[in-house]
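# Structure at a glance
Here's the letter readout for the chains.
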Amino acid sequence: MKKYQTLLFDVDDTLLDFAAAEALALERLFESQNLFLTTQIEANYRKINQGLWKSFEEGKIGRDEVVNTRFSLLFKEYGKIVDGVKLEKNYRGYLEEGHQLISGALELISKLQTNFDLYIVTNGVSKTQDRRLRDSGLHPLFKEIFVSEDTGFQKPMKEFFDHVFARIPNFSPKQALIIGDSISSDIKGGQLAGIDTCWYNPNAKPNNTSIMPTYEIRSLNELYQILNLTPKA
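Because the structure is predicted, anything quoted here is derived from the model rather than measured.

So, how was this worked out
Residues numbered from 1 in each chain as written. Predicted model: local features only at pLDDT ≥ 70, side-chain atom pairs only at ≥ 80, totals over all residues. Heavy atoms only, no water. Phe/Tyr/Trp six-rings, centres within 6.5 Å; stacked < 30°, edge-to-face > 60°. Helix = DSSP H or I, 4+ residues; strand = E, 2+ residues; numbered from the N terminus. Buried < 20%, exposed > 50% of the residue type's maximum accessible area, 1.4 Å probe, protein only. Contact = heavy atoms within 4.5 Å. Pairing = 2+ DSSP bridges. Axes fitted to C-alpha atoms, helices over the stretch in contact; angles between N-to-C directions. Core = buried A, V, L, I, M, F, W, Y, C linked by side-chain atoms within 4.5 Å. Salt bridge = Lys/Arg side-chain N within 4 Å of Asp/Glu carboxyl O. Right-handed = clockwise from strand over helix to strand, strands pointing away.

Given two aromatic rings, one states the distance between the centres and the angle between the planes to describe the pair. Tallied over the entire structure, the rule returns 11 aromatic pairs. Ring geometry for Trp53 versus Phe56: centroids 5.3 Å apart, planes at 85°, classification edge-to-face. In this pair, Trp53 and Phe56 are both assigned in helix H2 (residues 39-57), 3 residues apart and thus about one turn of the helix distant. One exposure class covers both Trp53 and Phe56, and it is buried. Put simply, the rings of Phe160, Phe161, Phe165 and Phe171 touch in pairs and so form one group of aromatic residues.

Next comes the structure, spelled out in structure tokens:
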């Protein structure tokens, strides 16, 4: 069994249930606008949002353009002109309150932090991720939190990982593993950075890319076996 020392964890939909936090934040945002959030509108928002974040990951647009235009683009499709920056600020406040944990995440990280050097590597907004990690109880279990907003780069860019690796004492790529739910961000990023990768894929999504992870898991508990540890009783 390969011996790892440094474990890099994604946050959203890996440790924290972003979908649940996002759904609640959207509902509250629409309520504040005296509007009803239908499943169709929510699906349309997710399509717009995912498209913007994909462009961000590819380096085509900046983070500010992602967060400050997604709501104006959404409402525009329904014939309503809104202040995208203002709505983003309101939405961000609601989202920061969402810190629902993925099943088994806190127990796993609590166990791992006694045996490994744990770090967070996430794309997103620093203030939001910091509060969500603190409220969930995960924050103190990690040696450092690396957020794209602070690094100036984003996953999967090699520069993001160069920034991270330079700040990890005695870092060895051969002893590092990244764990995340995104093939295009986490797994591709890990490969570009020259480290092993673990794709957290609880819903058994098909991998229609040429990007092959070192490991693929359906449950976070499967990490115990990969890391040669016994789960907590």
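After that view, the rundown keeps rolling.
A few words on the environment of Phe36. As for its position among the elements, Phe36 is in the loop between helix H1 (18-32) and H2. Once the C-alpha coordinates of Phe36 and Gly51 are considered, the two residues, 15 residues apart in sequence, prove to be 23 Å apart. Excluding its chain neighbours within four sequence positions, the residues that come into contact with Phe36 are Phe30 and Ile41.

Strands sit in the order S3-S2-S1-S4-S5-S6 across an open sheet of 6 strands; the sheet is parallel. Each end of this open sheet is capped by a strand with a single partner; those strands are strand S3 (144-147) and strand S6 (215-217). Mean inter-strand twist for the sheet, computed between neighbouring axes without regard to direction, equals 20°. The sheet strands contacting helix H5 (residues 105-112) are strand S1 (6-9) and strand S2 (117-122), and the helix crosses S1 at an angle near 155°. Contacting S1, S2, S3 and strand S4 (176-180), helix H8 (residues 158-166) crosses the sheet at an angle of about 160° to S3.

Time to look at the nonpolar core. Counting residues in each nonpolar core, the largest one holds 31 residues, and the members touching the most others are Leu7, Phe9, Leu112, Phe142, Leu223 and Leu227. Broken down by secondary-structure element, the contributors of at least two residues to this core are S1, H5, S2, S3, S4, strand S5 (196-200) and helix H10 (222-226). Top contributing element to this core by residue count: H5, with 4 residues. Those residues in contact with Leu223 that sit more than four places away from it in its chain are Phe9, Leu108, Ile179, Cys198 and Ile217. Formed by 23 residues, the second largest nonpolar core is a distinct cluster that contains Leu37, Val66, Phe75 and Val82.

Bringing the pattern of salt bridges into the picture now. The full count for this structure, using the stated rule, is 19 salt bridges. Here Glu58 makes a salt bridge to Lys54, at a shortest N to O gap of 2.5 Å. By relative accessible area, Lys54 is classed as partly exposed at 47%. Residue Lys155 is joined to Asp186 by a salt bridge in which the shortest nitrogen-to-oxygen separation is 2.6 Å.

Attention shifts here to the pairing of S5. With 5 of 5 residues buried, S5 lies mostly within the body of the structure. Here S4 pairs with S5 via 4 bridges, running parallel. Residue pairing for S5: Ile179 is matched across the bridge by Cys198. Read as a crossover between parallel neighbours, the route from S4 over helix H9 (residues 183-193) to S5 is right-handed. Strand direction decides the pairing type here: S5 and S6, joined by 3 bridges, are parallel.

Right, let's talk about the environment of Leu141 for a bit. In this fold, Leu141 is placed in the loop between helix H6 (126-136) and S3. Expressed as a C-alpha distance, the spacing of Leu141 and Lys127, which sit 14 residues apart in the sequence, is 18 Å. Once residues lying within four places of it in the same chain are set aside, the contact partners of Leu141 are Leu106, Ile109, Ser110, Gln113 and Leu118.

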